[in-house]
Amino acid sequence: MDSILVTGNSALNGVIPVAGSKNACLTLMPATLLSEEPLTLTNAPQLSDIRTMGALLESLGTEVNSLQGGKVIVLDTRAISTHTADYDIVRKMRASILVLGPMLARGGHAVVSLPGGCAIGARPVDLHLRGLEVLGAELDLRDGYVHAKASGGLKGATFEFPFVSVGATENVLMAATLAKGTTVLKNAAREPEIVDLAECLIKMGAQIEGHGTSMLTIQGVDSLQGATHPVVPDRIELGTYMLAPAICGGKINFTGGCRALVGAFADKLEEVGISIEESNTGLVVERKDNRVTAVDVTTEPYPGFPTDLQAQMMALLCTAEGTSVLEETIFENRFMHAPELMRMGAQIDVSGGTAKVTGVDQLKSAPVMATDLRASVSLILAALAAEGETVVSRVYHLDRGYERVEEKLSACGARIERISG
Ligand code: EPZ
């Protein structure tokens, strides 16, 4: 299993290009199942999760062609050859559940394994299922699989999500594009990844209004066509790397980044004393003062502070002057990085969904272990600011969501290398 060795405590200066969004790409790829014609995605990130989604789609009959080193993915689903998404693939990645809505909408039936538990929370898929049921799907849960049928086809309806779910909005939105009549989704997620999906579906011929707001109106059509669509830049990758100059000092230009993608997060960074400016090519982030100040953070659905940046923000606040309170409201177990950060000298007190972080002058190196994707990268950020050599182990999590981490950070002067093993 690979590890990452970081020798910390040096300022970072340079340029980091922002990759295409992992989470947008993971919902755009299953959209291929809605059409007989090819869907071409450009600006795709090169990540193991994307390869896993490719393998899942191939197992369903999609021809998957990866061009330009994975930056362009051509998906061709002339016919869905099997309607079963197997446990062996689904258990590797929860986003696999996103094949359910499109398969059901196009073929009238689908069998998809339930994803099971996850390190950051229980993460049930009940809202995905309830939304599809409202569109007329008959569901049967057997042997760990959802068996879904829509004999006469799906039918448009109104559904109000009891709380905001990104994945459930995506699944039901895709299904509704081929349902008969009008679907209205209330309390829908507004994340940029949903807007990206809606824009791609519209290019494919779908009739969607309201994306980016909490009410989506979808007028079902008989079929969708092929399209070419660039994946939106990854706001979580951008936010993560914006924390690198914030925690280490220095100045980095993030090409392809824009403030609109990271609004609430950028506001918090400015509050702690980081300068953020839009340039012709992207966003320039600089730490001008010696130390950042404490700030309270509560995670919320978009446009609030993203849960996917909470672990990384915690790494920064471990070095801030004063005490910060972080409240995690999206997932019930998303502080697994806290004990690892404490091994590096951080002062953190976790109680339920709240973490109180009292900044220290200097983090110190220690061997640490990654528990999930965003926890991994928060440990890398802490290691970049720490005195001495830190080894972060179990970094396979990292490769799910960050492409060429070592290359991107070393281009800015970080001393970081991968140890294969
Ligand atoms: C998406 O997960 C992202 N994943 C997550 O990214 C992200 O943390 C999350 O949205 C929140 O922004 C992808 O896009 C592939 P949700 P998703 O449905 O769709 C509960 C990362 O690090 N819920 O918005 O699964 C759920 O348990 C990750 O890249 C139900 O109870 O998230 C959670 O508490 C991990 N029933 C809350 O809703 C459901 O049917 C929000 O989850 C669905 C969700």
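Quick summary incoming for the structure in this document. Keep in mind the model is a prediction, meaning the values are calculated, not measured.

Details of empty space enclosed by the protein
Right, on to step 1. Scanning all chains against the criterion turns up one cavity of 30 Å³ or more.
Right, on to step 2. In this structure, the largest cavity encloses a volume near 30 Å³.
Right, on to step 3. Every residue along the wall of the largest cavity is listed here: A19, G20, P45, L47, D234, E237, G401, Y402 and E403.
Right, on to step 4. Residue classes in the lining of the largest cavity are distributed as four nonpolar, two polar and three charged.

Looking at the sheet that holds strand 24 (residues 415-419)
Right, on to step 1. Reading across the sheet, the four strands line up as 22-23-1-24 and stay open at both edges, with mixed pairing between neighbours. Lying at the two open borders of the sheet, with one neighbouring strand each, are strand 22 (368-369) and strand 24.
Right, on to step 2. Note that strand 1 (residues 3-7) and strand 23 (residues 389-393) share five bridges and pair antiparallel. Bridge pairing links T7 to E389 in strand 23.
Right, on to step 3. Docked against the sheet, helix 12 (residues 373-385) engages strand 1, strand 22, strand 23 and strand 24, running at close to 175 degrees with respect to strand 23.

Notes on the site of the ligand
Right, on to step 1. Taken together, 21 residues lie near the ligand, and D126, S165, D308, I330 and R374 sit nearest.
Right, on to step 2. In the model, an oxygen atom of the ligand is placed 2.8 Å from a nitrogen or oxygen of the V166 main chain.
Right, on to step 3. Here G167 contributes a backbone N or O atom positioned 2.7 Å from an oxygen atom of the ligand.
Right, on to step 4. Compared with its free state, where it exposes 830 Å², the ligand has 85% of that area covered by protein.
Right, on to step 5. Looking at the shell around the ligand, the elements that each hand over two or more residues are helix 1 (22-28), helix 5 (126-134), helix 6 (166-176) and helix 12.
Right, on to step 6. Here the shell around the ligand takes three residues from helix 5, the largest share from any one element.
Right, on to step 7. When the residues that make up the shell around the ligand are grouped by side-chain class, the tally is 10 nonpolar, five polar and six charged.

Re the packing of aromatic side chains
Right, on to step 1. Per the counting criterion, the structure on display carries three aromatic pairs.
Right, on to step 2. On the numbers, 4.9 Å between centres and 75 degrees between planes, the contact of F159 with F161 is edge-to-face.

Structural notes on the pattern of salt bridges
Right, on to step 1. Summed over the entire model, instances satisfying the criterion amount to 19 salt bridges.
Right, on to step 2. Close ionic contact of D49 with R400 constitutes a salt bridge, the shortest N to O distance being 2.7 Å. Of this pair, D49 sits in helix 2 (residues 48-59) while R400 sits in helix 13 (residues 396-401); the two residues are 351 residues apart in sequence, bridging distant segments of the chain.
Right, on to step 3. On the basis of relative accessible area, D49 is assigned to the buried category, the value being 4%.

Describing the nonpolar core
Right, on to step 1. Core analysis: the biggest nonpolar cluster contains 73 residues, and M29, M53, V99, L100, L154, L173 and L201 have the highest contact counts within it.
Right, on to step 2. Broken down by element, this core gets its largest block of residues, six residues, from helix 6.
Right, on to step 3. Ignoring anything within four residues of it in the chain, the contact list for L100 reads A110, V112, L129, L132, V146, A148 and N171.
Right, on to step 4. Residues V295, V297, M314 and L341 belong to the second largest nonpolar core, which totals 70 residues.

So, the environment of H83
Right, on to step 1. Tracing the backbone shows H83 in the loop between strand 5 (72-76) and strand 6 (84-85).
Right, on to step 2. Look at H83 and you get buried, because its relative accessible area is 16%.
Right, on to step 3. With 131 residues separating them along the chain, H83 and S214 place their C-alpha atoms 31 Å apart.
Right, on to step 4. Apart from residues no more than four positions distant in its own chain, H83 is found in contact with M103, G107, H109, A110 and V111.

Remarks on the pairing of strand 23
Right, on to step 1. Burial along strand 23 is one-sided: the residues T390 and V392 are buried and none of E389, V391 and S393 is.
Right, on to step 2. With two bridges joining them, strand 22 and strand 23 adopt parallel strand pairing. Counterpart to M369 in the pairing with strand 23 is S393.

Re unusual backbone geometry
Right, on to step 1. P303 follows Y302 through a cis peptide bond whose omega is 10 degrees.
Right, on to step 2. Even without a glycine there, the phi angle at R394 is positive, about 60 degrees.
Right, on to step 3. You can see R394 is positioned in the loop between strand 23 and helix 13.
Right, on to step 4. Its relative accessible area of 34% is what places R394 among the partly exposed residues.

Considering the side chain of E237
Right, on to step 1. For E237, the position within the fold is in helix 8 (residues 235-248).
Right, on to step 2. Polar side-chain contacts of E237 include one of 2.7 Å to the side chain of K408.
Right, on to step 3. Beyond its immediate chain neighbours, meaning those up to four positions away, E237 contacts P17, V18, A19, Y402, E403 and K408.

Remarks on the packing of helix 10 (residues 310-317) against helix 12
Right, on to step 1. Closest axis-to-axis distance for the helix 10/helix 12 pair is 8 Å, and the angle between their directions is 20 degrees. In terms of axis orientation, helix 10 runs roughly parallel to helix 12. Helix-helix and strand crossings are classified by hand; for helix 10 and helix 12 the assignment is right-handed. Along the contact surface, helix 10 presents A311, Q312 and A315, while helix 12 presents R374, A375, V377, S378, L381 and A382.
Right, on to step 2. Classifying every residue of the contact of helix 10 with helix 12 by side-chain character gives six nonpolar, two polar and one charged.

Calculation criteria
- Residues numbered from 1 in each chain as written.
- Predicted model: local features only at pLDDT ≥ 70, side-chain atom pairs only at ≥ 80, totals over all residues.
- Heavy atoms only, no water.
- 1 Å grid on protein atoms, 1.4 Å probe; cavity = no way out; pocket = protein on both sides within 12 Å on 5 of 7 lines; lining within 4 Å.
- Points joined across faces, edges and corners; volume = space filled by probe spheres on them.
- Nonpolar A, V, L, I, M, F, W, Y, C, P; charged D, E, K, R; others polar.
- Pairing = 2+ DSSP bridges.
- Helix = DSSP H or I, 4+ residues; strand = E, 2+ residues; numbered from the N terminus.
- Contact = heavy atoms within 4.5 Å.
- Axes fitted to C-alpha atoms, helices over the stretch in contact; angles between N-to-C directions.
- Near = heavy atom within 4 Å.
- Polar contact = N/O pair within 3.5 Å; in protein donor to acceptor, adjacent residues only side chain to side chain.
- Areas by Shrake-Rupley, 256 points an atom, 1.4 Å probe, with all protein chains shown as cover.
- Phe/Tyr/Trp six-rings, centres within 6.5 Å; stacked < 30°, edge-to-face > 60°.
- Salt bridge = Lys/Arg side-chain N within 4 Å of Asp/Glu carboxyl O.
- Buried < 20%, exposed > 50% of the residue type's maximum accessible area, 1.4 Å probe, protein only.
- Core = buried A, V, L, I, M, F, W, Y, C linked by side-chain atoms within 4.5 Å.
- Parallel < 35°, antiparallel > 145°, perpendicular 65-115°, else oblique.
- Left-handed = near helix turned anticlockwise from the far one by under 90°.

Geometry only, nothing functional implied.
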